[in-house]
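# Residue-level structure breakdown
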Amino acid sequence: MSGADTLGAAGPPSFLDRFRSFREGLAARPGFRRWAARFPLTRPFARRRARALFDLCAGFVYTQVLLACVRLDVFAILAQQPMPTQRLAQRIGLPLESAERLMAAAASLGLTARRSDGAWAIGPLGAAMIGNDGLAAMVEHHAMLYADLADPVALLRRPRGGNALSSYWAYSGAESPGEVGADRIRDYTALMAASQPMVAEEVLATYRFDAHRAVLDVGGGNGAFLRAVAAEARAPRLMLFDLPAVAEEARARFAAAGLGARASVFGGDFTKDALPEGADLITLVRVLHDHDDDVSSALLARIRAALPPGGRILIAEPMSGTAGAEPMGEAYFGFYLLAMGRGRPRRPEEIAAMLAAAGFARPRLLPTPTPLLTRVIVADVASP
Ligand SMILES: CC(C)=CCC/C(C)=C/CC/C(C)=C/C=C/C(C)=C/C=C/C=C(C)/C=C/C=C(C)/C=C/C=C(C)/C=C/CC(C)(C)O
Ligand SMILES: C[S@@+](CC[C@H](N)C(=O)[O-])C[C@H]1O[C@@H](n2cnc3c(N)ncnc32)[C@H](O)[C@@H]1O
């Protein structure tokens with residue numbers, strides 16, 4: 001992986017920069033836009049831009065169509081059996097006209113599809129929601145995010161914290177995260193466990209855990225990730241560190257899964273407490289981006305201190321600058337974490353630099369099947 005981020009580096013604008021600036025200068029002129037929308041050679045570009053800008057204007061409406069489908073369980077119903085509007089309306093408890101309106105909207109977004117016999121069926125994007133309870137839970141919990149984003153400029157101006165999301169993620173605003181009680185961790189821990197399968201699938205498709213003696217998952221939630229590892233890899237012992245209230249839940253879940261003897265669970269606060277030793281691999285799954293640079297760097301140093309020579313760290317989370325999924329990092333997680341009050345999505349190069357500063361060597365970005373969902377970086381303890 002290459003070195004530090006070069007954003008903001010001085011230097012003359014490139015040829016491409018100058019071309020873009022010329023092009024956008026033209027596009028900013030209403031008269032040119034009018035002409036380009038009619039001229040056959042520029043018309044396709046004009047239409048594409050109009051559509052892209054319209055999608056940005058309408059994004060909230062689209063997401064509410066999705067939310068209505070999730071709340072009314074439309075995808076599961078249509079996946080079971082396509083049906084005409086009348087029957088669907090009865091099934092989801094909507095007036096006929098509203099069901100027709102919702103289905104037409106959902107079909108235009110690829111969530112459902114109208115068959116040639118007039119019945120509604122699952123669409124390509126609705127099909128991707130089937131069996132993914134975590135995604136449905138994410139869609140539901142966005143109500144808090146949208147409430148916090150109602151005035152985005154105010155959100156950008158005010159000191160961070162004091163939002164719906166910052167109280168939901170109780171550790172993000174807490175003076176002493178270690179004292180956060182069971183009632184404040186329950187909802188986010190359930191959301192993380194529900195959405196963990198889509199992340200674990202990506203990590204397990206990317207990295208083999210078999211070669212390790214013991215894996216410590218720091219910020220491991222109720223243990224969903226480690227249970228997925230245990231199902232694939234027989235060898236490693238399982239170790240989990242999280243806030244005391246979360247750790248208690250993880251302990252109960254491991255016992256219920258028959259993994260009580262294979263798993264050791266530790267409660268604590270990784271901003272203050274040392275991490276348990278004994279693992280040759282420490283994982284951070286959807287943890288680093290939650291924290292500002294000082295806390296993240298200190299956490300990496302603690303992880304380094306807990307690892308033996310030859311030990312390894314694995315970081316799995318969505319990252320900035322993911323080709324083909326740029327808005328996921330910069331726009332979605334950038335603003336999500338702003339509303340949460342802490343942290344930022346980082347580019348792989350930035351994480352690599354933080355790892356080097358904490359005493360890790362050979363950072364590698366491993367290819368995951370769906371980089372939008374998560375990317376994976378591993379690095380090894382540097383030899384002295
Ligand atoms: C046979 C023929 C002719 C054709 C085949 C067609 C074909 C190849 C179809 C492909 C089917 C396929 C494989 C579809 C795959 C679809 C996938 C993988 C869809 C995935 C979608 C994932 C989404 C929308 C993920 C959304 C994730 C969100 C919103 C995550 C939010 C996470 C949050 C808020 C995390 C919070 C934690 C914190 C606080 C930041 O730490
Ligand atoms: C976004 S969740 C990710 C959970 C899990 N790794 C997953 O991907 O499903 C972040 C986790 O870090 C834990 N955490 C946050 N701050 C912590 C701290 N100071 N000490 C220990 N754990 C902490 C949270 O309790 C939570 O379980």
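Residues numbered from 1 in each chain as written. Chains lettered and ligands numbered in written order. Predicted model: local features only at pLDDT ≥ 70, side-chain atom pairs only at ≥ 80, totals over all residues. Heavy atoms only, no water.

The helix and strand tally for the protein stands at 17 helices and nine strands. Expressed as lengths along the three principal axes of its C-alpha atoms, the size of the protein is roughly 65 × 60 × 40 Å. Burial statistics for the protein: of 384 residues in total, 43% are counted as buried. Partitioning the contacts of the protein with sequence separation of at least 6, the portion at a separation of at least 24 is 66%. For the protein, the exposed surface amounts to about 19700 Å²; the carbon and sulfur share of it is 58%. With 43 positive and 38 negative side-chain charges, the protein shows a separation of 8 Å between the mean positions of the two kinds. (Helix = DSSP H or I, 4+ residues; strand = E, 2+ residues; numbered from the N terminus. Buried < 20%, exposed > 50% of the residue type's maximum accessible area, 1.4 Å probe, protein only. Contact = heavy atoms within 4.5 Å. Areas by Shrake-Rupley, 256 points an atom, 1.4 Å probe, with all protein chains shown as cover. Lys, Arg positive; Asp, Glu negative; His and termini not counted. Charge placed at Lys NZ, Arg CZ, Asp CG, Glu CD.)

Glancing now at the side chain of Asp 290. Tracing the backbone shows Asp 290 in the loop between strand 6 (281-285) and helix 15 (293-306). Notably, Asp 290 is buried but unbridged: the nearest opposite-charge side chain belongs to Arg 286, and the N-O separation is 8.3 Å. Once residues within four sequence positions are removed from consideration, Asp 290 is found in contact with Tyr 171, Leu 337, Met 340, Arg 342 and Gly 343. (Salt bridge = Lys/Arg side-chain N within 4 Å of Asp/Glu carboxyl O.)

Annotation from UniProt places "domain: O-methyltransferase C-terminal" (unreviewed entry) at residues 186-361. Strand forms 16% of residues 186-361 and helix 45%; the C-alpha atoms that close the span are 37 Å apart. (UniProt positions renumbered as here; feature names shortened; annotations may be inferred.)

Bringing the packing of aromatic side chains into the picture now. Going through the model one piece at a time under the given rule, you end up with twelve aromatic pairs. Where Trp 35 meets Phe 39, the ring centres are 4.7 Å apart and the plane angle is 15 degrees; that geometry is what we call stacked. Given a relative accessible area of 32%, Phe 39 falls into the partly exposed group. Ring plane angle 50 degrees and centroid distance 6.4 Å describe the contact between Phe 333 and Tyr 336, whose orientation is recorded as tilted. Residue Phe 333 and its partner Tyr 336 are located together in helix 16 (residues 326-340), separated by three residues, close to a single helical turn. The class of Tyr 336 is buried, set by a relative accessible area of 6%. An aromatic cluster of at least three residues, connected via ring pairs, comprises Tyr 168, Trp 169, Tyr 171 and Tyr 188. (Phe/Tyr/Trp six-rings, centres within 6.5 Å; stacked < 30°, edge-to-face > 60°.)

A few words on the UniProt feature "domain: O-methyltransferase dimerisation" (unreviewed entry) in the protein. In the numbering adopted here, UniProt assigns the feature "domain: O-methyltransferase dimerisation" (unreviewed entry) to residues 55-118. The span residues 55-118 is 70% helical and 5% strand by assignment, and the distance between its end C-alpha atoms comes to 27 Å.

Let us look at the sheet that holds strand 9 (residues 375-381). In spatial order, the strands read 5-4-3-6-7-9-8; together these seven strands make up an open sheet with mixed pairing. The sheet is open, and its two borders are formed by strand 5 (263-267) and strand 8 (360-366), each paired with just one other strand. For this sheet, the mean inter-axis angle between neighbouring strands, taken without regard to orientation, is 20 degrees. The strands that helix 13 (residues 224-232) touches are strand 3 (214-218), strand 4 (237-242) and strand 6; relative to strand 4, the one it contacts most, it runs at about 170 degrees. Against the sheet, helix 14 (residues 244-256) touches strand 4 and strand 5, its axis set at about 165 degrees to strand 5. (Pairing = 2+ DSSP bridges. Axes fitted to C-alpha atoms, helices over the stretch in contact; angles between N-to-C directions.)

Right, let's get into the site of ligand 2. Neighbouring ligand 2 are 20 residues, the closest being Tyr 188, Gln 196, Gly 219, Asp 242 and Val 285. Between ligand 2 and the protein, one listed contact pairs an oxygen atom with a side-chain N or O atom of Tyr 188 at 2.6 Å. Within the backbone of Val 285, an N or O atom sits 2.7 Å from a nitrogen atom of ligand 2. Relative to its unbound accessible area of 580 Å², ligand 2 is 97% covered by the protein chains. Sorting the residues of the shell around ligand 2 by element identifies helix 12 (182-204) and strand 4 as the ones contributing at least two each. (Near = heavy atom within 4 Å. Polar contact = N/O pair within 3.5 Å; in protein donor to acceptor, adjacent residues only side chain to side chain.)

Bringing helix 13 into the picture now. What helix 13 keeps buried is the set Ala 224, Phe 225, Leu 226, Arg 227, Val 229 and Ala 230. Those residues of helix 13 that are buried are in contact with helix 12, strand 3, strand 4, helix 14 and strand 6.

Where helix 5 (residues 85-92) meets helix 6 (residues 96-108), the axes come as close as 9 Å, and the angle between the chain directions of the two elements is 105 degrees. As far as their axial angle goes, helix 6 and helix 5 are roughly perpendicular. Contacts from Thr 85, Gln 86, Leu 88 and Ala 89 of helix 5 reach helix 6 at Leu 96, Ala 99, Glu 100 and Met 103. (Parallel < 35°, antiparallel > 145°, perpendicular 65-115°, else oblique.)

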